[in-house]
Amino acid sequence: MDKNKKRSTFSGKLGFVLSAAGASVGLGNIWRFPYLAAKYGGGIFLLVYIILALTFGYTMIMAESSLGRMTRKSPVGAFEHFGKSKGFAVGGWINAIIPILIVPYYSVIGGWVIKYLVGYIGGQSKNLASDDYFSSFISNGLSTEICFLIFTLATLGIIYAGVRNGIERVSKFMMPILVVLSVIIAVYSVTRPGAIEGVKYFLVPNFKNFSWMTVVSAMGQMFYSLSIAMGILVTFGSYMKKDTSIEESTQNVEIFDTAIAIMAGLMIIPAVFAFSGGNADTLNAGPALMFITIPKVFANMGFGTAVGILFFLLVLFAAITSSIALTESAVSTFEDELHWTRKKSTVVMGAIMVLLGTLSCLGYGPLAGVKIIGMQFLDFFDFLTNSVMMPIAAIATCLLISRVVGVDKIEEEVVQEGHPFKRRQIFRFMIKYLCPIFAAIILISSVANAFGLISM
């Protein structure tokens, strides 16, 4: 009991909301969301995503935050606190391991962002827009490794400072700047000649563009974007004070996250339309959209260098806030379960990040010939965590709450000190029935696609 009382806490609602929003708003929103939206139907993808975020996403944020605050523990401890069998402890460990596997390759992509930001600051916008720049860069093991290590050290330094001095302080500083930058770039993008067609494609649902993969992709993106089923919100919930409203905080995170995702789409998709006239091949550029297509767009814009600096500065801020959350979740698990000091936990996590991140760095260069089920290391870690482990973690969380903890106990936690629970019925229905079904659909569809049984 004493240990729980000494646990670090956020200063209040704002600290939790900005830190949780920082966890959610990252490369998932600015790098991943626009290319998936562009590829899977634009406005119809956005509509499906918003519906899922307001139902599935809301339910999982509420559940994980409540579980963390009830137990004052990170994922493993939270599951073991209620789990009547070792099977539930496994669910906690899956939640805990996901950030450990994500943050190394996430930091590699963060390093790519640093490279582009430095390039724009150095006036190399034409080089950055060349066809082979990105492929040449990621195949250069030394260059990618240096950028990756810089990003990793920045993350670890903030984590070492602690919850209030590190995570909360950085989030309070970076998140407002991130919002301002995203608005500036989005306004610039949508006012380019020809961009209005991109705005329509992204914001107006066209049911002709709907497919089953629109739903599956939106569900998969929701896990990544809202930081659910990866232990982060359980950990952050354990730092939440009792006088903070869980539902109001969840709504703020939902709004913040979805708004940034929409803003990211408005930054990128209209600009691509203005550049390419809505060419299907350009819209289907996938993960390369931000590092290959967008620099070409900036190169053809007035003030392209300035916009490039602002854009990649925005992406860097978003990437750092999310990497902090991922790393904090892992460090918290080491502290709670292995009883290590914060210093030792941070150092060990740093070693894991460097080891696994280096594999992802070199996977496009010296280790390009080494593949796992046909994937480079970075792609494999992304598939394993996002498409396999997160759905399993979500199912485990739903079963723990609906079968062991009891929905009533979660509700008691939410309404403490007279706080509201307006979407109580949605929460009850989703956590018992639809959330585990949706998670199982993502798992089956993603694995089937990876092994060539279906095409996504």
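Throughout this description, residue numbers start from 1 for each chain and increase along the sequence as written. Since the coordinates come from a predicted model, pLDDT governs what is reported: local features require at least 70, and pairs of side-chain atoms require 80 or more to be given and counted, while whole-chain, interface and lining totals use all residues. Values reported for side chains reflect all heavy atoms of the structure, with hydrogen atoms and water molecules removed beforehand.

Visitor: Please set out the side chain of Glu-64 residue by residue, giving values where relevant.
Guide: Within the secondary structure layout, Glu-64 lies in helix H4 (residues 43–71). Think of it in three bands: residues with accessible area under 20% of the maximum for their type are buried, residues over 50% are exposed, and the middle band is partly exposed, with areas taken using a 1.4 Å probe on protein chains only. By relative accessible area, which is 0% here, Glu-64 ends up buried. We define a polar contact as two N or O atoms separated by no more than 3.5 Å, with the added condition that, inside protein, one atom must be a possible hydrogen donor and the other a possible acceptor, whereas residues neighbouring each other in sequence contribute only through side-chain atom pairs. One polar contact links the side chain of Glu-64 to the main-chain amide nitrogen of Ala-229, over a distance of 2.7 Å. Discounting residues that sit within four places of it in the chain, Glu-64 has contacts with Ile-228, Ala-229, Met-230, Gly-231, Leu-233, Val-234 and Thr-397. Here a strand is any run of E in DSSP of at least two residues, a helix any run of H or I of at least four, and the numbering for each starts at the N terminus. Residue contacts are counted whenever heavy atoms from the two residues lie within 4.5 Å of one another.

Visitor: Explain the packing of aromatic side chains residue by residue, including any values.
Guide: A pair of Phe, Tyr and Trp rings is counted when the ring centres sit within 6.5 Å of each other, with Trp represented by its six-membered ring. The angle between the planes then sorts it: under 30 degrees is stacked, over 60 is edge-to-face, the rest tilted. Summed over all chains, the structure comprises 25 aromatic pairs. Here the aromatic rings of Phe-56 and Phe-438 are separated by 6.0 Å at their centres, their planes lie at 10°, and the arrangement is stacked. One end of the pair, Phe-56, is in helix H4; the other, Phe-438, is in helix H21 (residues 424–450), with 382 residues separating them in the sequence. Exposure remark for Phe-56: the relative accessible area of 0% places this residue in the buried category. Centre to centre, the rings of Tyr-201 and Phe-273 are 5.5 Å apart; their planes meet at 40°, and the pair counts as tilted. Here Tyr-201, found in helix H11 (residues 196–203), pairs with Phe-273, found in helix H14 (residues 246–276); they are 72 residues apart in sequence, far enough to count as distant. Looking at Tyr-201, the relative accessible area reads 19%, which means it is buried. In this structure an aromatic cluster arises from ring pairing among Trp-112, Tyr-116, Tyr-120, Tyr-133, Phe-134, Phe-291, Phe-298, Phe-311, Phe-312 and Tyr-364. Whether a charge sits over a ring depends on NZ of Lys or CZ of Arg being within 6 Å of the ring centre and within 35 degrees of the ring normal. In this structure, Arg-192 is placed above the aromatic ring of Tyr-188, and the distance from its NZ or CZ to the ring centre is 4.0 Å.

Visitor: Explain H21 to me, using residue names and the numbers behind them.
Guide: One less than the residue count of a helix, multiplied by 1.5 Å, gives the span that helix is expected to have. With 27 residues, H21 ought to run about 39 Å at 1.5 Å a step, and its terminal C-alpha atoms sit 37 Å apart, in line with that. Bend at a given residue is defined as the angle between two axes, one fitted to the seven residues that end at that position and one fitted to the seven that begin there. At Met-430, H21 is deflected by roughly 55°, the largest bend along its length. The complete set of buried residues in H21 reads Phe-427, Met-430, Ile-431, Cys-435, Pro-436, Ala-439, Ile-442, Leu-443, Ser-445, Ser-446 and Ala-448. For H21, the secondary structure elements touched by its buried residues are H4, helix H12 (212–226), helix H19 (377–405) and helix H20 (407–414). Of the residues one or two after H21, Gly-452 is the one with positive phi, at around 75°.

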